Amino acid sequence: MSEDHPGEERRRARELGISLDGEPGPWNAITDVPGVEVGYVTLVEGDDVRTGVTALLPRGRDGVGTPCAAGWHSFNGNGEMTGTAWIEESGSLAVPVVITNTYAVGPVHRGVVEWVRANCRGMAPEWLLPVVTETWDGHLNDIHGTAVKSRHAAAAIGAAASGPVEEGCVGGGTGMRCYGFKGGSGTASRVVEYGEDRYTVGAFVQANFGARRELVVAGVPVGRELTDPAGAPPPEPVPEGERPVPPGAGSVIVVVATDAPLLPGQCKALARRVTLGLARTGTTGSHFSGDLFLAFSTANPSALTSTFPEDDGSAPYESMRFVPWGRMDPFYGAVVESVEEAVLNVLTGAHAMTGRAGRHVPALPLDRVAELLAARGALS
């Protein structure tokens, strides 16, 4: 059994009454940003396969090839996100963002190339730089296996849709851990008022980070109360030839989207603020965790093109509309709030799971957490 309690009711953080700041969008998800779509392929097979692929499409399938302003940030570089050199150079993102496990980056990268070649003939047929990123699921999943194929990248892109987003043990997050409990995929959003306009900032998290003792929920250090008397989770089996993974290791990938008109440098500034949202949940940033963040804006769809020039003698110009730098603070706050809530939605949504070598990862005990929060007045 991959889920030890498949009938257990899991709920989002707000449904538990956890007190959180800010106004979410209708789905409280990254898909509240118009055009953004999310798709999953979840692979659970036998005792050893607990993995998958997640695809995020900034402008949906029909918008692949139309650039978005984008920026990225490495809080800790013990991880992989392909295509970032080109994002840094051009300030643009025109491809799906795909998340999987550490050793599946290769086949997923190839799968994105194959999907674009088959479905977007007009998009840079000469070259393509996919954005594929990862976290390590080797605790529950046979990460050295070949369960993830290139076709799974295409399937995740094909499954991408707007609307509510499934959370917990799905997609690339299937086999992940977070703060010593079952981790995975999660999302949240915030509405930002700017004059007469209303924009959305959304975050998607693949959470596989944090030591249990660090966990903070709505300002309450619950992780200290959720350990055994010795202050650590019970020991787990370590297969022969392997070493125990230090608490806090694993990695976290965060993708931030907004429909607010921003410059690439402003997107990079949003990506840096992800660190503060994660810090609200307690992490101190393990050396063994690859913490990589990407942010993009779906505004200005006609700007930042990088196609080969036509030999017609023309010399076109592009222009961009953007929020002044001095007005960015509300958008920074929206990133911090949505990232914090997305991590909590991972933890409250994920079921317990048993996987490779009989290893078991428990789900966050929602009733106990509610008791701890109520005692501190952190339930609404």
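Notes on the structure in this doc start here.

Rules used throughout
The residue numbering used here restarts from 1 in each chain and proceeds along that chain's sequence as written. The model is predicted, so local features are restricted to residues of pLDDT at least 70 and side-chain atom pairs to those at 80 or more, both for listing and for counting; the totals for chains, interfaces and linings are taken over all residues. To obtain the side-chain values, all non-hydrogen atoms of the structure were used and water was disregarded. Ring geometry is summarised as follows: Phe, Tyr and Trp rings, the Trp one being its six-membered ring, pair when their centres sit within 6.5 Å, and such pairs are stacked at plane angles under 30 degrees, edge-to-face over 60 and tilted between the two. Numbering of helices and strands runs from the N terminus, with a helix taken as a DSSP run of H or I at least four residues long and a strand as a DSSP run of E at least two residues long. Partly exposed describes any residue whose relative accessible area lies between the buried limit of under 20% and the exposed limit of over 50%, with all areas from a 1.4 Å probe on protein chains only and scaled to the type maximum. Working rule: Lys NZ or Arg CZ, within 6 Å of ring centre, within 35 degrees of ring normal, means a charge sits over the ring. The axes used here are C-alpha line fits, helices contributing only the stretch in contact, and every angle between their N-to-C directions lies in the interval 0 to 180 degrees. Throughout this description, any angle smaller than 35 degrees is read as roughly parallel, any larger than 145 degrees as roughly antiparallel, any in the 65 to 115 degree range as roughly perpendicular, and the remainder as oblique. Crossings are classed by handedness, with left-handed meaning an anticlockwise turn of the near helix from the far one by less than a right angle and right-handed meaning a clockwise turn. Between two residues, a contact is recorded if the distance between any of their heavy atoms is within 4.5 Å. Note on residue classes: Ala, Val, Leu, Ile, Met, Phe, Trp, Tyr, Cys and Pro are nonpolar, Asp, Glu, Lys and Arg are charged, and everything else, Gly too, is polar. For this text, the term disulfide refers to a pair of cysteine sulfurs within 2.5 Å. Should DSSP find at least two bridges between two strands, the strands are taken to pair. Throughout this description, the term nonpolar core refers to a set of buried Ala, Val, Leu, Ile, Met, Phe, Trp, Tyr and Cys residues connected via side-chain atoms within 4.5 Å. Our arc is simply the arc of the directions from the helix axis toward the C-beta atoms.

Overview of the packing of aromatic side chains
Scanning the entire structure with this criterion turns up four aromatic pairs. A centroid spacing of 6.2 Å and a plane angle of 50° characterise the contact between Y194 and F331, whose relative ring orientation is tilted. Taken together, the residues span a long stretch of sequence, with Y194 in strand β9 (residues 184-194) and F331 in helix α5 (residues 329-349) at a distance of 137 residues. Look at Y194 and you get partly exposed, because its relative accessible area is 21%. When its relative accessible area of 0% is taken as the criterion, F331 is described as buried. Aromatic ring contacts, followed pair by pair, group Y194, Y199 and F331 into a single cluster. The residue whose ring lies beneath R212 is F181, and the NZ or CZ to ring-centre distance is 4.2 Å.

So, unusual backbone geometry
Despite not being glycine, N28 shows a phi value in the positive range, around 50°. Looking at the element boundaries, N28 is found in the segment before β1 (37-45). Overall, the relative accessible area of 7% leaves N28 in the buried class. Even without glycine at this site, S251 takes up a positive phi of about 110°. Residue placement: S251 occurs in the loop between β10 (197-207) and β11 (252-258). On the basis of relative accessibility, which here comes to 2%, the residue S251 falls in the buried class.

Comments concerning the packing of helix α2 (residues 105-119) against helix α3 (residues 150-159)
Interhelical geometry of α2 versus α3 gives an angle of 55° and a closest axis separation of 7 Å. On the basis of their axis angle, the class for α2 and α3 is oblique. Seen along the crossing, α2 lies across α3 with a hand that is right-handed. Between α2, through P107, V108, R110, G111, V112, E114 and W115, and α3, the contact on the second element is made entirely by S150, A153, A154 and I157. The class makeup of the residues in the contact of α2 with α3 is seven nonpolar, two polar and two charged.

Observations concerning the state of the cysteines
In this structure the tally under the stated criterion is zero disulfides. You can see C267 has no disulfide; the closest cysteine sulfur is in C68, sitting 8.5 Å from it. Exposure remark for C267: the relative accessible area of 0% places this residue in the buried category.

Some words on the sheet that holds β9
Spatially, β4-β3-β12-β11-β10-β9 is the arrangement adopted by the six strands of the open sheet, whose pairing is mixed. Edge strands, defined here as strands with exactly one partner in the open sheet, are β4 (92-93) and β9. By the bridge criterion, eleven bridges tie β9 to β10 in an arrangement that is antiparallel. Residue V191 lies in a different strand from β10, and its bridge partner there is T200.

Observations concerning the nonpolar core
By size, the foremost hydrophobic cluster in this structure holds 54 residues, and its most contacted members are V254, V256, L270, L278 and F331. Among the secondary structure elements, those contributing two or more residues to this core are β9, β10, β11, α4 (264-280), β12 (290-297), α5 and α6 (366-375). Considering each element in turn, this core owes the most residues, ten residues, to α5. Residue contacts for V256: discarding those within four places in its chain leaves V201, G202, A203, L270, V274, L294, A295, F296 and V335. In terms of nonpolar packing, the next biggest core, distinct from the first, is built from 49 residues, L57, V105, A153 and F296 among them.

What to know about α6
Along an α-helix, a turn takes 3.6 residues, which lines up residues three or four apart on a common side. Turning to α6, its buried residues number three or more, namely L366, V369, L372 and L373. Taken down its axis, α6 places every buried residue within 125° of arc, on the same side. Residues D367 and A375 are exposed on α6 and point more than 90 degrees away from its buried face. Taken together, the buried residues of α6 touch α5.

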